[in-house]
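Now for the letters of each chain:
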Amino acid sequence: DFPPGDEAYHTYDEMVAELDKTVADHPDIAAKVSAGKSFEGRDIPVLKVSDNVATDEDEPEVLFDCNQHAREHLTTEMCLHVAQRFTDNYADPAVKDSVDNREIWIIPSVNPDGSSFDVESGEYQGWRKNRQDQGTDTNRNWGHKWGCCGGSSDDPADETYRGTAAWSAPETAAMRDFIDSRVVGGTQQIKAAVDFHTYSELVLWPFGHTSDDVTEGMTQQEYDRFAKVGTEMAQTNGYTPQQSSDLYITDGDSLDWMWGQHKILAFTFEMYPSSSGGLDGFYPPGDVIERETARNDAAVDILLREAGA
Ligand SMILES: CC(C)C[C@H](NS(N)(=O)=O)C(=O)O
Ligand SMILES: [Zn+2]
């Protein structure tokens, strides 16, 4: 469990229970499916929020995924906040409009094994990766230009270990299969996505594997749209907007595949804090959860709008 004082954070079981309660409370607009299983066999739950939730309607779809990195627990709270906002607040006309005209997918924990390991002793382990062998960094294990560009490590002991091959981590393979499954009639129904991380307060867009703006798979027009939407979202949450590679080069990361493979308008948000140095930044006190998750409400609404553009 989370250390004393941080009980506000959801353990894996509490997160699953929260999703089940949301479905029970809102059966017409919320449903739970599975993306697959983690290395240790935990289910990776997906919440779908939309009117006529049991029907696949021809509406733009948006994906919010969280907790790729184990210690980034604030992101699980971010995904649960999105789930709560678009179900409990369905009476709000703006919320209802989004739920009625979009299909929203929410994955509060991509890496349940790592997340559980990080807290189960009652002391934070500072763990980042999954729990496969010495751990794979799932955000270096996606299959677009995997290991291409010095943006990951081939050393299993490293924090950015890319795995033995693209998709070698069950968790990334589950994400791939889920997103691939949203190709209907040859068209990817997911139009936009945010992969939530902590920390540094950044809005990031592809690509990560190169510092070039324009490159194979990214025209100037496409880049300009990322920059425009990214900047607009950053103006609402006070984060800094930039290309992912401006932070550092990464390969095998989620954005490169979501855009490179499926042309999903995909962003990474690095949440609060802006900087605290070292491991403390990954463990903000529970009393910031409400403020720091609601801080992204307007950005989430912008992304939902853009999905229909
Ligand atoms: C998305 C990239 C550019 C940044 C991310 N930073 S994190 N969340 O691991 O500290 C990462 O290294 O995967
Ligand atoms: Zn991260």
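Above this text you will find the structure in question.
Here's what I pulled together on the structure shown here.

## Section: the coordination of the zinc ion (ligand 2)
Bound to the zinc ion (ligand 2) are the protein donor atoms His69 (ND1), Glu72 (OE), Glu72 (OE) and His197 (ND1), situated 2.0 to 2.3 Å from the metal. Here the donor residues for the zinc ion (ligand 2) map to a single chain with the spacing H-x2-E-x124-H. A residue pair is termed long-range when its members are at least 10 positions apart, and Glu72 in the loop between strand 3 (61-66) and helix 2 (73-88) and His197 in strand 7 (residues 190-198) qualify at 125 residues. Given a relative accessible area of 2%, Glu72 falls into the buried group.

## Overview of the site of ligand 1
Lining the immediate environment of ligand 1, one finds 14 residues, of which Arg128, Asn139, Arg140, Tyr248 and Glu270 sit closest. Within the side chain of Asn139, one N or O atom sits 2.9 Å away from an oxygen atom of ligand 1. Against a free-state accessible area of 360 Å², the protein chains account for coverage of 95% of ligand 1. Sorting the residues of the shell around ligand 1 by element identifies strand 7, helix 7 (244-247) and strand 10 (265-271) as the ones contributing at least two each. Residues that form the shell around ligand 1 fall into these classes: three nonpolar, seven polar and four charged.

## Comments concerning the pattern of salt bridges
If you walk through the whole model with that rule in mind, you get 21 salt bridges. Note that Lys48 is salt-bridged to Glu103, the shortest N-O span being 3.6 Å. Highlighted residues: Lys48 in strand 2 (residues 43-49) and Glu103 in strand 4 (residues 103-107), separated in sequence by 55 residues. Each member of the pair Lys48 and Glu103 is classed as buried. Note that Glu292 is salt-bridged to Arg291, the shortest N-O span being 2.7 Å. A residue is classified by how much of its surface remains accessible, and Glu292, at 3% relative accessible area, is buried.

How each quantity is defined
- Residues numbered from 1 in each chain as written.
- Chains lettered and ligands numbered in written order.
- Predicted model: local features only at pLDDT ≥ 70, side-chain atom pairs only at ≥ 80, totals over all residues.
- Heavy atoms only, no water.
- Donors = N, O, S within 2.8 Å, 3.2 Å for Na, K, Ca; no water.
- Helix = DSSP H or I, 4+ residues; strand = E, 2+ residues; numbered from the N terminus.
- Buried < 20%, exposed > 50% of the residue type's maximum accessible area, 1.4 Å probe, protein only.
- Near = heavy atom within 4 Å.
- Polar contact = N/O pair within 3.5 Å; in protein donor to acceptor, adjacent residues only side chain to side chain.
- Areas by Shrake-Rupley, 256 points an atom, 1.4 Å probe, with all protein chains shown as cover.
- Nonpolar A, V, L, I, M, F, W, Y, C, P; charged D, E, K, R; others polar.
- Salt bridge = Lys/Arg side-chain N within 4 Å of Asp/Glu carboxyl O.

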